[in-house]
Amino acid sequence: MRLSRFFLPVTKDVPSDAAIVSHQLMLRTGMIRQNGAGIYSWLPLGFKVLKKIEQIVREEMDRAGAIELLMPTLQQADLWRESGRYEAYGAEMLRITDRHDRDMLYGPTNEEMITDIFRQYVKSYKALPLNLYHQQWKFRDEVRPRFGVMRGREFLMKDAYSFDVSEEAARISYQKMFAAYLNTFDRLGVTAIPMQADPGPIGGDLSHEFLILADSGESAVFCDKAVLDVPPPGADFDFEDEAALKAEMEKRTRFYAATDEKHDEAAYAAVPEDSRIEARGIEVGHIFYFGTKYSEPMKADVQTPEGKLATIHGGSYGIGVSRLVGAIIEASHDENGIVWPASVAPFDAGIISMKPDAADVAAVADEAYAKLTAASKDPLYDETSDRAGAKFNRMDLIGLPWQITVGPRGVKEGKVELKHRASGEKSDVTLDEAIARITGA
Ligand code: 5CA
């Protein structure tokens, strides 16, 4: 993409209510535009990151055997009356009446709707286990929407729902999601620690939150830092291997890790003092096993091998897809701006042409653009006539993993400057060497 053709409304003006660094940086880089309290437009740069996160989440859900579908944002109140949550959900639910006076709502989550889909079609244990997920906008009328996309009112969530014939089988489905989450966050370039959690309004007796450590986090967390050394299951993990699934969960849950809601001073005292982390964390995922909480009132049952009817056991598994954009920035920035992990960066590399009106410089910069594109990379090519300093600052601010700077002196020597954004390391290399470093060839 040529910067002069792109829509990148970089700005210095950040409203004073943007209290945390990710919110400030998302506004300054023109990733988002606030349209109302807790409601945002995703401008092109932000939207690219959101789509990349969504795609990684999708690939990892698919790998774990979950199946994607798409449910609507608007739901009928009657479904929620069946589960008993219509009244219980309270003021966070945005209630809407249509022209026929039917009570509707903008979905804050989808347990009821997916259970309704399930019960319409699935009648036999033979179809189980089944895990269906979607990535859809949700609405929660938060009292205090803040921190930009981190606590929005409208936000994008990945929510998966598992259906099993017994509690034992449902726990395996839960473990699959637990392992899939570790791989997902690892690919997103962040460390998210699973912690015992309070199930809250979703209900149930088994629940973990996944938290990224960051000073701006809304939860206080207490954990044994040994948990950080446990590697993720990895790309070749076998999700059908029950012993391996159980082991993945045990490897982490044997170390103390809890948010303030579940914190147990006595258990924490057993953690060696030099291994204790008391920090703040951002919740980027939350998984729940809730048994028959929805299937019982909504009569979702299946035939067992013995020909009896069994109420299915369910779980739900959320990832805050739009929140992650902010959370990744909280975990990965410096004084000059964002430092994107390569997997979610809006562009793979920036090309800065120092003198776009000099034919020799333009030719090399054009060549860099053509070669990166041919190597299936997505570069952002700054061929504007802005001042050099402004170009460097903007490129650092938006935080692409690599920068190639093409200037008149280097061109005469057959060199470009390659900068690695995360380490700040710069080197004068030939264009082909620069391309090889970026493409990992
Ligand atoms: N139905 C369950 C799991 S699918 C559920 O709704 N879980 S949740 O309430 O914990 O939300 C899942 C994830 O969505 C959270 O972990 C968080 O990352 C994200 N999330 C929740 N509320 C907001 C919000 N107001 N703004 C941005 N992200 C949010």
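Fair warning: this is a prediction, and the values are worked out from it, not measured in the lab.

Draft legend 1. Expanded view of the side chain of Ser219. Along the chain, Ser219 turns up in strand 11 (residues 219–224). On the basis of relative accessible area, Ser219 is assigned to the buried category, the value being 15%. Not counting residues up to four positions away in its chain, the partners in contact with Ser219 are Leu211, Thr259, Asp260, Ala279, Arg280 and Gly281.

Draft legend 2. Looking closely at the packing of aromatic side chains. Summed over the entire model, instances satisfying the criterion amount to 14 aromatic pairs. The interplanar angle of 80° and the centroid separation of 5.3 Å between the aromatic rings of Phe6 and Phe347 together place this pair among those described as edge-to-face. Remark: Phe347 occurs in the loop between strand 18 (337–338) and strand 19 (349–353) and Phe6 occurs in the segment before helix 1 (21–28); sequence separation between them is 341 residues. A relative accessible area of 16% means that Phe6 is categorised as buried. When the centroid spacing of 4.8 Å and the interplanar angle of 80° are considered together, the rings of Phe290 and Tyr294 count as edge-to-face. Counting every residue linked through ring pairs, the aromatic cluster contains Phe178, Tyr181, Phe185 and Phe210. Above the ring of Tyr86, the side-chain terminus of Arg95 is found at 4.7 Å from the ring centroid. The ring of Tyr268 carries the charged tip of Arg276 above its face, separated from the ring centre by 5.3 Å.

Draft legend 3. View of the nonpolar core. Of all hydrophobic cores here, the largest spans 71 residues; its most connected members are Met31, Ile53, Phe185, Leu188, Leu324, Val325 and Trp340. The greatest single-element share of this core, amounting to 10 residues, is contributed by helix 6 (residues 167–187). Summarising the domain contributions, this core has at least three residues from each of domain 1 (3–338) and domain 2 (349–439). Among all residues touching Leu188, those that are not within four sequence positions of it are Ile53, Ile56, Leu324, Ile328, Pro341, Ser343 and Val344.

Draft legend 4. Structural detail: the sheet that holds strand 6 (residues 103–106). Ordered in space as 4-6-5, the three strands form an open sheet in which the pairing is antiparallel. Strands with a single pairing partner mark the edges of an open sheet, and in this sheet they are strand 4 (74–76) and strand 5 (94–97). Within the sheet, the average angular offset between the axes of one strand and its neighbour, ignoring direction, is 35°. As judged from the four bridges shared by strand 5 and strand 6, these two strands associate in the antiparallel manner. When the sheet's bridge partners are listed, Ile96 is paired in strand 6 with Met104.

Draft legend 5. Representation of the pairing of strand 11 within the structure. For strand 11, the tally of buried residues reaches six of six residues, placing the bulk of the element in the interior. The alternating pattern of strand 11 places Ser219, Val221 and Cys223 on one face and Ala220, Phe222 and Asp224 on the opposite face, and all of these are buried. Two strands pair when backbone bridges link them, and strand 11 and strand 13 (residues 276–291) are joined in this way by six bridges, in the antiparallel orientation. Looking at strand 13, one finds that Asp224 is bridged to Arg276. Pairing of strand 11 with strand 12 (residues 257–259) involves three bridges; the strand directions are antiparallel. Across the sheet, the residue bridging to Phe222 is Ala258, located in strand 12.

The rules behind the values
Residues numbered from 1 in each chain as written. Predicted model: local features only at pLDDT ≥ 70, side-chain atom pairs only at ≥ 80, totals over all residues. Heavy atoms only, no water. Helix = DSSP H or I, 4+ residues; strand = E, 2+ residues; numbered from the N terminus. Buried < 20%, exposed > 50% of the residue type's maximum accessible area, 1.4 Å probe, protein only. Contact = heavy atoms within 4.5 Å. Phe/Tyr/Trp six-rings, centres within 6.5 Å; stacked < 30°, edge-to-face > 60°. Lys NZ or Arg CZ within 6 Å of the ring centre and 35° of its normal. Core = buried A, V, L, I, M, F, W, Y, C linked by side-chain atoms within 4.5 Å. Domains from an automatic or database assignment. Pairing = 2+ DSSP bridges. Axes fitted to C-alpha atoms, helices over the stretch in contact; angles between N-to-C directions.

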